[in-house]
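# Per-entry structural report
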Amino acid sequence: MNSKTLFCFIIGIWCLTGPSRVSVRVGGRLTVRCVYDDGFQDYIKYWCKGESSKYCDVQIKTEGSNEVPSGRLIIKDNPYSRSFTVTIKDVRYSDDDYYYCGIERNARDNMHMVTVDVLPGVCRKASPWTHMVDFPENFTEISVNSSVVVSCQQEYREKNITLQCREEYRQFLLSPADGNTPCV
């Protein structure tokens, strides 16, 4: 055991690293990888939520090196790479918070804080609009409550319309800003 690892075992710092801040869009999928020092391969790892490491709420724990699913969360330990990953599927605005990668220990747990920023969802080109309108050449996506001006294709009335990105039933859809269905 080298001096850094020994210090890590005694003091409980620098044993666990990972990103300090990550961002993901609503509806997306987030995977966070936490790396631990040699000697912690057989310890239980976990992911907890809350501003304080002392009072955070454990969301999910490892069970050996098996992948463990729980609702929208998945945790998997990889002892060979000395890392574990936590995945949040179908990210929601309520997932915007402070989290901790943790390693259970008899004394003080090793913890690393990760701030998760949840960004608004986005709308992209999708049916039925791709069959009805021409998008601006540089259009890729817009965020919720933003809009884009498009033009009806040839077989429809020649008209520019504004499509707004809206969240409906946890999906992000482009819909006419004025509520009318144009290009008919």
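Residues numbered from 1 in each chain as written. Predicted model: local features only at pLDDT ≥ 70, side-chain atom pairs only at ≥ 80, totals over all residues. Heavy atoms only, no water.

A separate point is the sheet that holds strand 14 (residues 147–152). The pairing of strands in a sheet happens through backbone hydrogen bonds and is either parallel or antiparallel. Spatially, the four strands line up as an open sheet ordered 12-14-15-16, and their pairing is antiparallel. The open sheet is flanked by strand 12 (133–134) and strand 16 (171–176), the only strands paired with a single partner. The pairing of strand 14 with strand 15 (residues 160–168) spans five bridges and is antiparallel. Looking at the pairing, Val149 lines up with Thr162 of strand 15. (Pairing = 2+ DSSP bridges. Helix = DSSP H or I, 4+ residues; strand = E, 2+ residues; numbered from the N terminus.)

Further remarks concern the pattern of salt bridges. Tallied over the entire structure, the rule returns five salt bridges. Glu141 is the salt-bridge partner of Arg124, the closest N and O atoms lying 3.0 Å from each other. Highlighted residues: Arg124 in strand 11 (residues 122–124) and Glu141 in strand 13 (residues 141–143), separated in sequence by 17 residues. For Glu141, a relative accessible area of 32% puts it in the partly exposed group. (Salt bridge = Lys/Arg side-chain N within 4 Å of Asp/Glu carboxyl O. Buried < 20%, exposed > 50% of the residue type's maximum accessible area, 1.4 Å probe, protein only.)

The next thing to look at is the state of the cysteines. Counted by the stated rule, this structure contains three disulfides. A sulfur-sulfur separation of 1.7 Å characterises the disulfide bridge that pairs Cys34 with Cys101. Of the two residues, Cys34 sits in strand 3 (residues 30–36) while Cys101 sits in strand 9 (residues 97–103), which places them 67 residues apart along the sequence. Look at Cys34 and you get buried, because its relative accessible area is 0%. Judged by relative accessible area, Cys101 falls into the buried class, the value being 0%. (Disulfide = S-S within 2.5 Å.)

A positive phi is found at Arg82, a non-glycine position, where the angle reads about 50°. The phi torsion at Asn145 lies on the positive side, around 75°, for a residue other than glycine. Among the structural elements, Asn145 can be located in the loop between strand 13 and strand 14. For Asn145, a relative accessible area of 58% gives the class exposed.

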